[in-house]
Every structure is written in C-alpha cells, then in structure tokens.
Amino acid sequence: MEHSMGYNFGMLAGVLVGALVGIGIVVLLFKLKVMDLTFDERQERARGKAYKYGFWTLQGCLLLYGFSDAALGRWCDVLTGVMLCVAVALVVFASICIVKDAYLSLKEKPRTIMTLLTVVAALNLVIGGMNLKCGQVVKDGVLTYGAVNGICGLMLLVILVIYIVNYLLAKREEAE
C-alpha cells in the first residue's frame, strides 16, 4: 500500500509528538513521586527472573508469529503482530513481578498505581472500541494497526486484574 509523502510526514510527526507526550508524562510521574524505582535486593532478584521469562516469552511469541505468517499468510500487519508479542511478554513480566511482590518499589502506593493502570487501560479500550466501530481494526481479513490500542487496553486490564487479585489476597493474609 503506497502512501503520499504528506501522509508519511504526518505519521512521523504523530509518532514524535506521541513519544514526547509519553516521555513528559513519565517525567511528571517521577517528579510527583508517583513512580519511584527504588527496589530492595529481593525485589531486584525477582524482577531479574521476570525479565528473563518475559524475554523468552517475547522470543517465543515472535517465532510463533513468524511461523504463523509463513504458514497462514498475512493475517496481521507486522507492527500489530509485534505489538501483540510485546503485550504477551509484558503480561508475563508483570504477572511474575506482581506475584513475587516486586512490581512496586518500596515507596510507591498501590492505589495510585491501580488508578493509573485503570485510567490508561480505559483510554486504550475506548480508543480500541472506536477503531473497531469505525472498521479500522480489520481490513480485507488482515488485523491492522487500529487494533493496537485494544491490545494495549486488554494487556493493561489483565495486569490490573492480576494486581487487584494479588492485592486483595495479601490484604486477606494480613488480616488473618
């Protein structure tokens, strides 16, 4: 599919502006002390194992994506397939960190992170729903880049559910 030069420059500008906004939000979260990446030694070890499992999950997903593309033909855009693989790997990483109590640093507040995850997941799911309604998710039987917001929203929703269940179980254990 060929695009005009103006379209390509528009996409580039959109990506750059989006990256700058994302970096600005992360910087703001650090300045407001919402995010503080101070982990103890036990958390660092658990995060290291989670990185390892997340990395190998990513490699396996990319391999499966490549084989599925070769065997089934083009079923999704390349960036969408890669983003799907990244989402699966991030869920594995986050799940292990949450279960091993290494998801939050010692200074982060669980409710703040849950609220942040809820807002970002909701925004991505709304955008994904709008893309689905406008017919931008699947074109000619191919999953397009319009599905990425939905993928990210579902990924964050799964992480949020795991986090909430783990949080409630920990509270129940504390009460006993």
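Cut-off values and rules
- Residues numbered from 1 in each chain as written.
- Predicted model: local features only at pLDDT ≥ 70, side-chain atom pairs only at ≥ 80, totals over all residues.
- Heavy atoms only, no water.
- Helix = DSSP H or I, 4+ residues; strand = E, 2+ residues; numbered from the N terminus.
- Buried < 20%, exposed > 50% of the residue type's maximum accessible area, 1.4 Å probe, protein only.
- Contact = heavy atoms within 4.5 Å.
- Areas by Shrake-Rupley, 256 points an atom, 1.4 Å probe, with all protein chains shown as cover.
- Expected span 1.5 Å × (residues − 1).
- Patch = residues over 30% accessible without salt bridge, like charges linked within 9 Å, V, L, I, M, F, W, Y side chains within 5 Å.
- Salt bridge = Lys/Arg side-chain N within 4 Å of Asp/Glu carboxyl O.
- Lys, Arg positive; Asp, Glu negative; His and termini not counted.
- Charge placed at Lys NZ, Arg CZ, Asp CG, Glu CD.

Q: Is there a simple way to think about the overall build of the protein in this case?
A: Regarding its fold elements, the protein presents five helices and two strands. Each helix and strand of the protein, ordered N terminal to C terminal, gives the series α-α-α-α-β-β-α. Summarising its shape, the C-alpha atoms of the protein cover approximately 60 × 35 × 30 Å along the three principal directions. Classification of the 176 residues of the protein by burial places 30% in the buried group. When contacts within the protein are restricted to residue pairs at least 6 apart in sequence, those whose partners lie at least 24 apart make up 76%. Accessible surface, the protein as shown: approximately 11800 Å² in total, 70% of it carbon and sulfur.

Q: Help me understand helix α5 (residues 148-175), please; the structure alone is not making it clear to me.
A: One turn of the α-helix equals 3.6 residues, which is why residues spaced by three or four share an orientation. Counted at 1.5 Å a residue, the expected span for α5 with its 28 residues is 40 Å, and the 40 Å between its end C-alpha atoms agrees. Looking at α5, one finds that the buried residues are Val148, Gly150, Ile151, Cys152, Gly153, Met155, Leu156, Ile159, Leu160, Tyr163 and Tyr167. In the core, the buried residues of α5 are packed alongside α3 (78-99) and α4 (110-133).

Q: What should I look at first to understand a positive patch on the surface in this one?
A: A contiguous patch of positive charge, built from Arg45, Lys49, Lys52 and Lys100, is present on the exposed surface. Within the secondary structure, lysine 49 is located in helix α2 (residues 41-72).

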